[in-house]
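Geometric and topological summary
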Amino acid sequence: MVARAETPRWTGLGARQIAVGGILLGCFAFLVALPPITARAQWWPPLLGILAIGAGIWSLTRGARRPGWFAIAAGILGVGLGILATQASSGNLDYVVNWAPLFSAMFVFATPLTYAALGGMFSERSGVVNIGLEGMMLTGAFFAVLGADKLGNWFFGIVCAIIAGGLLALIHAFVSIHLRADQIVSGTAINFLALGVTGYFFYKVYGEQGTPGSISQVPDRPRLGFLSHIPWAGHFLYEVFGTLNLLIWFAFLMLIVSHIVVFRTPIGLRIRAVGEHPRAADTVGISVYGVRYAAVVLSGMLAALGGAYLSIGFVGSFNENMTAGRGFIGLAALIFGNWRPFGAFAAALLFGFSTALAFRLGQPWGNAAVLFQALPYVLTLIAVAGVIGRSIPPAASGRPYRKQ
Amino acid sequence: MDETPVLELRGITKQFPGILANDHIDFDLRDGEVHALLGENGAGKSTLMNIVYGLYSADDGEIAIKGKRVQLSSPHDAIDRGIGMVHQHFMLIPVMTVTENIVLATEPRTGGVLLDYSAARQRVLELSKRFNFAIDPDAKIQNITVGQQQRVEILKALYRNADILILDEPTAVLTPQEATELFAILKDLVAQGLSIIFISHKLNEVLDIADRITVLRRGKKVETIPREGATEEGLARSMVGREVLLRVDKTNARPGDKLLEVEDLRVLDDRELEVVRGVSFDVHGGEIVGIAGVDGNGQTELIDALAGLRKPAGGRILIGEKELTGASAHVRLEEGLGHIPEDRQRRGLVLDFSLAENIALHDYDKPPFSRWGWLNPRRVIERASRLLTEYDVRGGAPRTLAGALSGGNQQKVVLAREISRNPRVLIAAQPTRGLDVGAIEFVHKRLVAERDTGRAVLLVSLELDEILSLSDRILVLYEGQIVREFSPDVGEEELGIAMTGGRRGEAAA
Ligand SMILES: Nc1ncnc2c1ncn2[C@@H]1O[C@H](COP(=O)(O)OP(=O)(O)OP(=O)(O)O)[C@@H](O)[C@H]1O
Ligand SMILES: [Mg+2]
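These numbers come from a predicted model, not from an experiment. (Residues numbered from 1 in each chain as written. Chains lettered and ligands numbered in written order. Predicted model: local features only at pLDDT ≥ 70, side-chain atom pairs only at ≥ 80, totals over all residues. Heavy atoms only, no water.)

Digging into the overall build of chain B
Within chain B, the secondary structure is distributed over 17 helices and 24 strands. In terms of overall size, chain B behaves like a compact globule, its C-alpha atoms giving a radius of gyration of 24 Å where 509 residues would be expected to give roughly 23 Å. Dimensions of chain B along its principal axes, counting C-alpha atoms only, are 70 × 50 × 50 Å. For chain B, the residues scored as buried account for 55% of the 509 residues in total. If you take every contact in chain B between residues at least 6 apart in sequence, the share linking residues at least 24 apart comes to 66%. Working note: accessible area of chain B is about 21,400 Å², and carbon and sulfur atoms make up 49% of it. Once the 63 positive and 78 negative side-chain charges of chain B are each reduced to a mean point, those two points are 4 Å apart. (Helix = DSSP H or I, 4+ residues; strand = E, 2+ residues; numbered from the N terminus. Rg over C-alpha atoms; globule rule 2.2 N^0.38 Å. Buried < 20%, exposed > 50% of the residue type's maximum accessible area, 1.4 Å probe, protein only. Contact = heavy atoms within 4.5 Å. Areas by Shrake-Rupley, 256 points an atom, 1.4 Å probe, with all protein chains shown as cover. Lys, Arg positive; Asp, Glu negative; His and termini not counted. Charge placed at Lys NZ, Arg CZ, Asp CG, Glu CD.)

A closer look at the environment of I303(B)
Residues and elements named next belong to chain B. Here I303 lies in helix α9 (residues 299-307). Look at I303 and you get buried, because its relative accessible area is 3%. Setting aside residues up to four positions removed in sequence, I303 forms contacts with H339, I427, A429 and V460.

Observations regarding the interface of chain A and chain B
Counting residues at the interface gives 25 residues for chain A and 35 residues for chain B. Seen at the junction of chain A and chain B, the total is two salt bridges. A salt bridge links E107(B) to R270(A); the nearest nitrogen and oxygen atoms lie 2.6 Å apart. In this structure, the connection of chain A to chain B is made through five residue pairs in polar contact (both at pLDDT 80 or more). Those elements giving two or more residues to the side of chain A that touches chain B turn out to be α10 (246-264), α11 (266-276) and α12 (278-283) of chain A. With six residues, the top contributor of residues to the side of chain A that touches chain B is α11(A). Counted by class, the side of chain A that touches chain B contains ten nonpolar, six polar and nine charged residues. (Salt bridge = Lys/Arg side-chain N within 4 Å of Asp/Glu carboxyl O. Polar contact = N/O pair within 3.5 Å; in protein donor to acceptor, adjacent residues only side chain to side chain. Nonpolar A, V, L, I, M, F, W, Y, C, P; charged D, E, K, R; others polar.)

Overview of the confidence of the model for chain B
Residue and element names in this part refer to chain B. Chain-level pLDDT for chain B is 88 on average; 98% of the residues reach the 70-or-more range. Taking the mean pLDDT of every element in chain B, the minimum, 74, falls on helix α11 (residues 344-348) and the maximum, 96, on helix α3 (residues 98-103). Of the regions scoring below 50 in pLDDT, residues 504-509 engages in twelve contacts with residues more than four places distant in sequence or in other chains. Overall fold confidence (pTM) sits at 0.83, and the ipTM for the predicted complex is 0.83. (pLDDT = per-residue confidence, 0-100.)

Considering the coordination of the magnesium ion (ligand 2)
Residues and elements named next belong to chain B. Here the magnesium ion (ligand 2) is held by S46 (OG) and Q88 (OE1), and the distances to it run 2.0 to 2.4 Å. Linking S46 in helix α1 (residues 45-52) with Q88 in the loop between β6 (83-86) and α3, this pair joins segments that are 42 residues apart in sequence. Under the relative-accessibility criterion, S46 is labelled partly exposed at 22%. Classification of Q88 as partly exposed rests on a relative accessible area of 23%. (Donors = N, O, S within 2.8 Å, 3.2 Å for Na, K, Ca; no water.)

Observations regarding the packing of helix α4 (residues 117-130) of chain B against helix α5 (residues 146-159) of chain B
All names here are of chain B. At a minimum axis separation of 11 Å, α4 and α5 run at an interaxial angle of 105°. Regarding the angle of α4 to α5, the classification is roughly perpendicular. Each of R123, L127 and S128 in α4 lies in contact with α5, whose residues at this interface are L155, L158 and Y159. Partitioning the contact of α4 with α5 into residue classes produces four nonpolar, one polar and one charged. (Axes fitted to C-alpha atoms, helices over the stretch in contact; angles between N-to-C directions. Parallel < 35°, antiparallel > 145°, perpendicular 65-115°, else oblique.)

Focus on the site of ligand 1
Ligand 1 sits among 22 residues. The nearest are G42(B), K45(B), S46(B), T47(B) and H201(B). Bordering ligand 1 are residues originating from chains A and B. Residue A43(B) places a main-chain N or O atom 3.2 Å away from an oxygen atom belonging to ligand 1. Within the side chain of S46(B), a nitrogen or oxygen atom sits 2.7 Å from an oxygen atom of ligand 1. Computed on the free molecule, ligand 1 has an accessible area of 640 Å², of which 87% lies beneath the protein chains in the complex. If you list the elements that add at least two residues to the shell around ligand 1, you get β2 (19-29), α1 and α14 (407-420) of chain B. When residues in the shell around ligand 1 are grouped by element, the largest group, three residues, is from α1(B). (Near = heavy atom within 4 Å.)

Some details on the side chain of H172(A)
Residues and elements named next belong to chain A. Relative to the helices and strands, H172 resides in helix α7 (residues 154-178). At 3.1 Å, the side chain of H172 forms a polar contact with the backbone oxygen of V129. Dropping the residues within four chain positions of it, H172 is found in contact with V128, V129, N130, M136, Q183, S186, G187, I190 and V296.

Considerations on the side chain of E124(A)
Residues and elements named next belong to chain A. Inspection of the secondary structure puts E124 in helix α5 (residues 99-125). There is no salt bridge for the buried E124, and the closest opposite charge comes from R125, which lies 8.5 Å off by N-O distance. Sequence-distant contacts of E124, that is, excluding residues within four places in its chain, are made with V129, N130, L331, L334, W339, P394 and S397.

Looking at helix α8 (residues 232-240) of chain B
Among all positions in α8(B), only L235(B), A236(B), S238(B), M239(B) and V240(B) are buried. Of the residues flanking the end of α8(B), it is G241(B), one or two places downstream, whose phi is positive at about 85°.

This is how it looks when you write it as structure tokens:
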């Protein structure tokens with residue numbers, strides 16, 4: 001616009017902060033009813049919840065619409081869940097809401113999702129949609145078991161998984177980059193291919209009795225014994241972090257490395273350029289095909305690592321279709337996290353936490369707890385619907401590039 | 001000056017499916033000159049330059065740089081030999097910063113692996129200081145003006161140490177002020193030792209800045225001449241191959257009934273700022289009303305509101321007697337509104353559809369093009385091929401994809417569709433952007449003819465020449481308001497002053 005003073009629509013900081021306060025209050029309405037506080041008086045959750053809703057309405061009318069709605073929702077949920085919790089027996093509560101094991105399980109369940117999401121990030125940032133993550137993960141899971149079993153060491157299992165995942169991704173890359181096929185169709189085909197191939201070899205190699213129990217597993221290391229010596233929080237920290245699997249730590253490492261690669265290196269800049277505007281990248285001499293091949297193959301390798309963690313890190317065996325949609329949830333975490341490594345990780349933790357909670361709830365309350373496992377999907381719908389700030393995919397993602 | 005040309009093309013030939021885009025073209029660029037490349041839409045200018053930049057490979061011919069034969073099989077090769085190109089459609093990544101765009105693929109590093117953003121930023125600042133560009137290295141491309149984006153493109157080439165710079169229609173998207181600034185920059189670049197190839201359809205610009213001029217016509221080179229002695233008429237003739245009328249020939253308007261009426265219209269832009277602030281005017285049948293103004297004074301939003309693509313925040317829009325303020329674009333079309341949009345690639349055409357389909361976009365659901373819910377492709381194609389001939393669209397049959405046409409020819413397809421619908425009110429936004437002189441003459445004649453059959457024409461243009469030569473009345477839009485009304489015999493200078501807000505508030509002339 002030509003020299004015109006812009007009138008700001010709302011002076012947003014105040015309203016926004018109040019809304020965030022409201023969201024926290026809403027969470028707190030639930031938390032007071034849980035251990036270690038365990039307020040048994042029924043009026044605590046409603047009191048805090050109403051404060052949260054009030055803060056939400058206040059900021060809603062002051063222009064901070066999205067956070068405002070969030071605070072209101074948090075308030076209502078907080079009241080409901082809080083009252084439920086005050087009515088539950090405190091023995092059950094103490095069992096379910098045992099924070100340290102809950103957090104530890106959260107990392108366990110979040111790890112495969114994190115690997116898949118990081119893989120998906122490289123692929124999508126370069127402009128190739130990779131629905132085939134699920135299949136690549138499953139392939140990784142199977143070949144990890146096969147490698148660890150036949151070559152006698154979990155390390156070779158991981159190597160086999162990475163190679164198998166990379167090769168499967170190479171097929172997806174060739175079909176969607178060179179042949180310019182529809183990437184959704186190709187990815188779906190990859191998933192069925194993986195299901196078939198792993199299923200076939202599983203029966204062929206291991207038959208009816210399944211994988212042997214003696215497979216070399218990825219150890220839980222390092223054992224951080226010193227953590228328990230830290231005053232006050234030491235015991236808690238040791239319970240959460242003290243005995244995590246090596247592949248979980250490796251996932252943390254990959255998370256940091258991915259963030260640095262994507263946002264702090266020339267390679268990352270080029271990957272993002274290719275995913276946003278391939279022709280522009282081409283005109284400065286970047287090989288669009290080369291970058292996309294590398295990114296897709298890398299995504300297959302990362303997804304396979306997630307599979308390897310599932311089979312030889314966590315469970316210690318392989319079952320048909322054992323990934324059960326985790327590749328897709330990883331993809332959802334990626335979208336939820338706005339195609340950023342730490343965003344995706346945060347989403348994976350959230351999904352992991354709700355899975356962990358569902359497992360624990362399952363003990364006292366049985367099947368009703370399964371509902372909690374639907375939480376990731378509900379959250380994903382909310383994210384995709386743009387309630388938490390719109391998530392914007394790379395501009396060229398899903399579009400084949402044609403050289404002149 | 002050195003005698004060997006810095007760039008020499010011999011017998012360059014390029015065949016596209018169904019069209020010989022370049023036919024044995026010879027071309028040379030001397031050290032330190034500005035060499036203009038002229039030609040009609042689809043003459044093969046962009047194709048030739050894309051070959052030089054390594055984006056297309058020539059079927060035949062050779063390229064020499066500073067006397068040495070070279071093989072340019074990718075932009076990488078071209079960049080290595082010191083060639084930089086600013087494309088007709090910019091090659092910038094909207095979500096990235098100016099610095100990131102400039103250093104992409106030649107990034108400075110720390111420790112061999114990390115991107116050294118501060119060093120990159122520093123180099124961008126140094127370069128822009130050296131060439132007097134005012135540019136914020138940390139701004140995102142999507143937040144800066146088109147003029148600034150173009151500077152980023154130029155900086156991209158300079159950053160890669162280009163000494164040959166190709167500019168493909170750099171002024172088509174610029175305001176006159178920005179164009180003047182660009183020319184100052186180009187003169188500076190030449191003074192610092194660059195050689196420049198400059199593509200443009202604006203003959204006065206070419207005569208202003210070029211040392212030599214090469215004209216292409218239908219893929220062949222017509223001539224290369226020095227600027228001295230060249231005239232607009234002469235250049236136009238050799239481009240088109242016939243005499244071209246550079247001035248519009250028209251009789252006085254005979255205004256009839258009021259067909260378009262706008263009352264106190266208010267429109268918000270995407271950031272919800274009010275950018276059309278109480279505009280009222282009317283257009284009668286049989287007259288052309290021109291809206292003049294510097295880009296960004298509310299033109300886009302005004303047109304969107306009239307066409308039904310953006311909801312007005314207040315005011316009324318009437319076509320004929322009917323109020324259509326809140327009506328959908330579809331209803332407006334039915335009521336006889338024609339709209340030639342500003343951005344042909346985004347709003348005018350579906351680039352992945354064929355030309356016939358594009359032409360049938362508004363009336364595919366009416367007889368004779370469909371009956372009982374079935375399309376009649378034969379009729380659709382028949383009509384398309386008639387219109388393509390009538391509007392002289394080059395390089396496309398009814399089944400060609402719209403995306404394969406040259407920019408100017410895409411524009412002609414939009415015109416053909418909108419005018420052939422016989423609208424009562426025709427809104428023409430930048431109808432000649434990117435068109436060659438022959439095509440401009442054609443469009444201008446068409447618009448005047450539409451006026452003479454009694455239609456109301458609203459012309460929105462950034463080109464003063466176009467406004468002055470076509471309009472029967474001129475309204476000046478400044479900061480979202482109509483500040484003056486002029487008759488077409490107003491001086492260019494007085495109009496220019498009103499457009500920049502001078503003597504605002506004075507009674508209309
Ligand atoms: N990728 C392509 N595939 C097929 N045909 C093409 C392609 N690119 C250009 N053409 C055709 O080649 C001819 C020359 O196109 P070019 O873009 O070089 O024209 P131009 O002189 O730059 O025109 P304008 O002034 O309209 O930009 C046109 O007829 C066009 O339709
Ligand atoms: Mg061109």
